[in-house]
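Coordinate analysis (summary)
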Amino acid sequence: MRALAALLLLAACTVSEAPAQVEAPAPIAPPAAPAPAPVPAALTLACAGAFTQGGVAVCRTLPGAQISIDGADVGAADAQGWALIGFNRQYGASARVIARANGAEASHTFEIVPREFDIQRIDGLPPQTVTPTDPAVLARIQREAAMKAEGFASEADITGFLDGFIWPVEGGRISGRWGGQRILNGVPNTPHFGVDIAVPTGTPIRAPAAGVVSFANPDMHYEGGLVFIDHGHGLITMYLHMSRLDVQAGQRVEQGQVIGAVGATGRATGPHLCWRMRWRERQLDPTVAIDGLAAARAQLLSAP
Ligand SMILES: [Zn+2]
């Protein structure tokens, strides 16, 4: 994870230049929020975060400015001038971000650092979870896809991502990295869009940042116990294979709040947390986002 530091473009020197009398941050929580920078009164554009495949960045611009990335319209900056942008697994070598308002525009082109991904072979999974043929199972998968689509469509009017993220579980080891090409029971599958953290069943799962629960179901075919948290601006995190759910859809959660417990439900070969992140149809890497959002927070939240 050290190498990621190099990917955090624009990580301001303000991070390391803190005065000596400032208290060290608690081990699990990010540092207290810096004084918020004033809302921009003119069309400017500043972005900071993880500019890499699977990465996420935060931009600040004139409130209401329309944001586009490489020509794709991704909505307007909120009333404080915040906007979020993300880069999927196969994103190209650069991203041009444009903010438009009142016939004018401000833009930046960011280099997107390419990554290499693992090949992951997993054998011994129940065949109906890899190559389902049972009509009842196929119907269930289709029903559940529609339910999840509703959870993904959530648009909570919050900016939980400005909290900076904490890890949802303590300890454990990464047993499956994000973006790996998967070969399940010998059959090539879609890439693995989660980070798997091996921890025992019953380990509490905490909300990495404030948000609104947009989906909660204890018994999904693939995912088992499944929760989505909407952190605002289309940024949604997902928690799979849970043994216990402590939250319901529509509920507001704070950073660090326990949302349930780790398990091995659904398509899993053992207890672990599969942690996923999505932004407007793009799958993102939560492990990259943790560092990217911390860098964005340090740089963009502090007044100049
Ligand atoms: Zn996983």
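Below, the structure is looked at part by part.

Focus: the overall build of the protein chain
On a plain count of helices and strands, the protein chain comes out with three helices and 21 strands. Out of the 304 residues in the protein chain, the part that is buried amounts to 42%. Restricting the contact set of the protein chain to residue pairs at least 6 apart, pairs at least 24 apart contribute 68%.

What about the nonpolar core?
Note on soluble globular proteins: their nonpolar side chains tend to be buried together. In terms of nonpolar packing, the biggest core is built from 76 residues, with Ala57, Val58, Val227 and Tyr239 touching the most fellow members. Counting residues per element, this core draws most heavily on helix H3 (residues 286–300), which supplies nine residues. Inspection of this core shows a minimum of three residues originating in each of domain 1 (2–115 + 289–300) and domain 2 (119–284).

Digging into the sheet that holds strand E2 (residues 56–61)
Spatial strand order, E1-E2-E5: three strands in an open sheet with antiparallel pairing. The open sheet has two edge strands, strand E1 (45–49) and strand E5 (82–86), and neither has a second partner. On average, each strand axis in the sheet is inclined to that of its neighbour by 25°, with strand direction left out of account. Here five bridges tie E2 to E5, and the two strands are oriented antiparallel to one another. Of the residues in E5, the one forming a bridge with Val58 is Leu84.

Observations regarding H3
Under the 1.5 Å per step criterion, the end-to-end length of H3 is 20 Å for 15 residues, consistent within 8% with the ideal 21 Å. A large share of H3 lies buried, amounting to 15 of its 15 residues.

So, the sheet that holds strand E7 (residues 104–111)
Judged by pairing direction, the sheet is antiparallel, and its four strands sit side by side in the order E4-E3-E6-E7 without closing on themselves. Of all the strands in the sheet, the pair left with one neighbour each is strand E4 (72–76) and E7. Strand-to-strand twist of the sheet, defined as the mean angle between neighbouring strand axes without regard to direction, takes the value 20°. Two elements, strand E6 (residues 94–101) and E7, share eight bridges in a ladder whose sense is antiparallel. Each residue of the ladder has a partner; that of Ile98, found in E7, is Ser107.

Things to note about the pairing of E4
Looking at chain direction, strand E3 (residues 66–69) and E4 are connected through three bridges and run antiparallel. Paired with Ser68 across the two strands is Asp73, which belongs to E4. Taking the residues between adjacent antiparallel strands as the criterion, E3 and E4 are bridged by two residues, where Asp70 takes a positive phi near 45°.

As for helix H2 (residues 135–152)
For H2, built from 18 residues, the straight-helix expectation of 26 Å at 1.5 Å per residue is met to within 8% by its first-to-last C-alpha distance of 26 Å. Of all 18 residues making up H2, only one are buried, and the element is barely covered by its neighbours.

Topic: unusual backbone geometry
At His233, a residue that is not glycine, the phi angle is positive and equals roughly 55°. Secondary-structure assignment places His233 in the loop between strand E15 (224–230) and strand E16 (235–242). For Arg280, which is not glycine, the phi dihedral falls at a positive 45°. Structurally, Arg280 is set in the loop between strand E20 (273–279) and strand E21 (282–284). A residue is classified by how many C-beta atoms lie within 10 Å of it, and Arg280, with 17 of them, is partly exposed.

What counts as what
The written sequence of each chain sets the order in which its residues are numbered from 1. pLDDT decides what is reported in this predicted model: residues at 70 or higher carry local features, side-chain atom pairs at 80 or more are listed and counted, and totals for whole chains, interfaces and linings draw on all residues regardless. Numbering goes from the N terminus for both helices and strands, where a helix is a DSSP run of H or I of at least four residues and a strand is a run of E of at least two. Exposure classes come from backbone-placed C-beta atoms, where a residue is buried if 20 or more other C-beta atoms lie within 10 Å of its own, exposed if 12 or fewer do, and partly exposed in between. For every residue pair, C-beta atoms are placed from the backbone, and the pair is scored as a contact if these atoms sit within 7 Å. In plain words, the nonpolar core is the set of buried Ala, Val, Leu, Ile, Met, Phe, Trp, Tyr and Cys residues that C-beta atoms within 7 Å link up. Just so you know, the domain bounds were taken from an automatic or database domain assignment. We call two strands paired when DSSP finds no fewer than two bridges between them. Helix axes use the C-alpha atoms of the stretch in contact, all axes being lines fitted to C-alpha atoms, and the angles between their N-to-C directions lie in the range 0 to 180 degrees. The span you would expect from a helix comes to 1.5 Å times its residue count less one.

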